[in-house]
Amino acid sequence: MTQLFEKIRETILKHLTESSHGIILSIRVKPGESEDFLTVEGDELVFYTSEPPERGRANAALVKFFSRELKIPVSRIDIVYGHRSTLKKLVFYDVNMDELADKLAKLVRLI
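Residues numbered from 1 in each chain as written. Predicted model: local features only at pLDDT ≥ 70, side-chain atom pairs only at ≥ 80, totals over all residues. Heavy atoms only, no water.

Using the criterion set out here, one finds 5 aromatic pairs in the structure. Ring geometry for Phe65 against Phe66: centres 5.6 Å apart, planes inclined by 70 degrees, an arrangement best described as edge-to-face. Taken together, a centroid distance of 5.7 Å and an interplanar angle of 75 degrees make the contact between Phe66 and Phe92 edge-to-face. Of this pair, Phe66 sits in helix 2 (residues 57-70) while Phe92 is found in strand 6 (residues 87-92), placing the two residues 26 residues apart along the sequence. Comparing Phe66 with Phe92 shows no difference in burial state: the two are buried. (Phe/Tyr/Trp six-rings, centres within 6.5 Å; stacked < 30°, edge-to-face > 60°. Helix = DSSP H or I, 4+ residues; strand = E, 2+ residues; numbered from the N terminus. Buried < 20%, exposed > 50% of the residue type's maximum accessible area, 1.4 Å probe, protein only.)

Rendered as structure tokens:
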């Protein structure tokens, strides 16, 4: 693995926590972009979405993005904190933390 990939993976691991329910991911959501993508800004994991922050559309885009890109059913991803905030916590059920970190690192777009 490259040094850049390892650095991205380390940043992601800082935002992952194991709980009795599953793996919790802390992420910031920024609506109003032209497309949906995941990136790292500073030491923060950020999801940009084209959906507006109204009527749960940005939240739905976040869950749908991870479901599609990680090939995890929507039913195994929940927003457990921050429904009305840009800072969110998602729980991923029945996933391995190391595998999730690797998959998320591969999704990160460098901007």
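The discussion continues.
Further remarks concern unusual backbone geometry. Positive phi, close to 55 degrees, is recorded for Arg55, a residue that is not glycine. Its location among the elements puts Arg55 in the loop between strand 4 (44-49) and helix 2. With phi around 55 degrees, Asp94 is a residue other than glycine that occupies positive phi space. Here Asp94 is to be found in the loop between strand 6 and helix 3 (97-107). Under the relative-accessibility criterion, Asp94 is labelled exposed at 65%.

With that settled, consider the side chain of Thr49. Along the chain, Thr49 falls in strand 4. Relative accessible area serves as the criterion here: at 0%, Thr49 is assigned to the buried category. Within polar-contact distance, the side chain of Thr49 engages the side chain of Asp36 at 2.9 Å. Beyond its immediate stretch of four places on either side in the chain, Thr49 contacts Val29, Lys30, Pro31, Gly32, Glu33, Glu35, Asp36, Ala58 and Ala61. (Polar contact = N/O pair within 3.5 Å; in protein donor to acceptor, adjacent residues only side chain to side chain. Contact = heavy atoms within 4.5 Å.)

This part is about the confidence of the model for the chain. On average, residues of the chain score 93 in pLDDT, and 99% of them are at 70 or above. Averaged over each element, pLDDT in the chain is lowest for helix 1 (residues 3-14) (92) and highest for strand 6 (97). (pLDDT = per-residue confidence, 0-100.)

Further remarks concern the pattern of salt bridges. As enumerated under the stated definition, the model contains 9 salt bridges in all. Put simply, Glu51 and Arg57 hold a salt bridge, and the shortest N to O gap is 2.8 Å. Several salt bridges share partner residues, and in doing so they unite Arg9, Asp98 and Asp102 into one network. (Salt bridge = Lys/Arg side-chain N within 4 Å of Asp/Glu carboxyl O.)

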